[in-house]
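Per-entry structural report
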Amino acid sequence: MNPVSVIDIGTSKIAVLIGNRGINNSLKIIASSICEYAGYYNGEFVEPEKLNEDFANVLSKAEINSGIKIKKLFVGVPADFCTCITKQFMQNFSDKLKIDDNDILEIYQQANELKNNEKYVLISCSPIYFILDDGRRVVNPIGEKTSRISGEISYIYAEKDFISKINIALRHFGVSSVEYISSTLSENLYLLSDDDRQTPSIIIDCGFVSTSVSIIKGNGLLSLNSFSVGGGQITSDLSECLKITYKEAEDLKKQIILSVVPQLSDGYELKKQNQTSLIPMTEANEVVSARLEMICSLINKCLSASEKKDLYKMPFYLTGGGICFIKGAKDYLSKYFGVNVEILSPPNLQMSKPNYSVLLGLLNLAINQENKRKTNKFLEFFKRITKR
């Protein structure tokens, strides 16, 4: 199989990953490229006029690193530019029949609520579950015989304005084929096994200045929400409150330990202008805790907006580079929500840190879709409606 190229558009960095499937279904990384850029905030690019240059920069480096000309690219659409809708359905047949791709494709099309929408375009529809006439609940009904099928489908739509901006930037670089996939869905499917997804799970991805809150079950998202607060604001808070530079605040954040009760004499050592100063641990921890309190409050609002029952009985997971590396941050979330919060990291030896969760998830889903492309009629249809 030819190598697959994906791009992750973050709030402070753009990353390209080129790879294919390795042994034991692992991901084999051929090359990567990560470049900083102005990012986006509240669903708007900070410097849209520079996107052509930003994309050319990161893609050129990826091509140099890999020795491969990128002709086709899978683009991850961040949660900030997506909306998720779930739809329940029931389809009766005149007789018991064997379900095939065409039957499922027809169901997907009929249940699509935002056909020809002015703002959004469909980039993903995935099954939460299907129920057959004998009451069995399955994720994949293809080949099953039934006279009735019902279930729930998850639709993810991307903003047309986002896709238009990215299309222009990629066309300017010379990429000839582009497909858009959900960053959050890709990440969730990669981080949790099929067995783990039999019941709903909550995944919180806290990045630099954006946090997504999703609930996944089966092969689809039950809900997806986001807000523009992340680890970058913690750094800014430390810089402003403690009167230190942003770089010094970043260095300080790496030392923060929230899981201990500091004494008044305890402090963090910080090098400032070739001198070492002591930052009171109590004061620094209070600054970080105050921002984490806000992040938790916003996560809670996202969960409430999902209108799902038994939220705090679901597994809670945390990933992303925003707060996962702060010692004691996950314990703070656990205490706030009254549940055990676990950190999810990619099962990849080369890139096993939580800040790579989306990037590797995109590559994993893109490879899966390329492998299924020749035999799956739905993916062929989906390619026609989502490519530019």
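Read on for a plain summary of the structure. (Residues numbered from 1 in each chain as written. Predicted model: local features only at pLDDT ≥ 70, side-chain atom pairs only at ≥ 80, totals over all residues. Heavy atoms only, no water.)

Time to look at the sheet that holds strand β2 (residues 13-21). Spatially, β3-β2-β1-β6-β11 is the arrangement adopted by the five strands of the open sheet, whose pairing is mixed. Only two strands of the sheet have a single partner each, and these edge strands are β3 (27-36) and β11 (177-182). Here the strands of the sheet are splayed against their neighbours by 25° on average, with no regard to which way each runs. The sheet contact formed by strand β6 (residues 72-77) and β11 spans six bridges and is parallel. What sits directly across from Leu73, in β11, is Val178. Against the sheet, helix α1 (residues 51-66) engages β1 (4-9), β2, β3 and β6, with an angle of about 145° to β3. Docked against the sheet, helix α4 (residues 183-191) engages β1, β3, β6 and β11, running at close to 65° with respect to β11. (Pairing = 2+ DSSP bridges. Helix = DSSP H or I, 4+ residues; strand = E, 2+ residues; numbered from the N terminus. Axes fitted to C-alpha atoms, helices over the stretch in contact; angles between N-to-C directions. Contact = heavy atoms within 4.5 Å.)

This part is about the pattern of salt bridges. With the rule as written, the count across this model stands at 15 salt bridges. Two residues, Arg136 and Glu144, come together in a salt bridge whose shortest N-O distance is 2.9 Å. Overall, the relative accessible area of 35% leaves Arg136 in the partly exposed class. The partly exposed category is assigned to Glu144, whose relative accessible area is 21%. Here Asp161 ties to Lys165 by a salt bridge, and the two come within 2.6 Å at their closest N and O atoms. With a gap of four residues between them, Asp161 and Lys165 both fall in helix α3 (residues 160-173), about one helical turn apart. Look at the salt bridges and you will find they share partners, linking Lys72, Glu179 and Glu370 into a network. (Salt bridge = Lys/Arg side-chain N within 4 Å of Asp/Glu carboxyl O. Buried < 20%, exposed > 50% of the residue type's maximum accessible area, 1.4 Å probe, protein only.)

Burial within strand β13 (residues 211-217) is extensive, with seven of its seven residues counted as buried. Where burial is concerned, the two faces of β13 agree: the one with Thr211, Val213, Ile215 and Lys217 and the one with Ser212, Ser214 and Ile216 are both buried. In the sheet, strand β12 (residues 201-206) pairs with β13 via six bridges, with the strands oriented antiparallel. Opposite Cys206, over in β13, you have Thr211 as the bridge partner. Hairpin connection between β12 and β13: a loop of four residues separates the two successive antiparallel strands. Looking at chain direction, β13 and strand β14 (residues 220-227) are connected through seven bridges and run antiparallel. Paired with Ile216 across the two strands is Leu221, which belongs to β14. Counted between consecutive antiparallel strands, the loop separating β13 from β14 contains two residues, among which Gly218 sits at a positive phi close to 60°.

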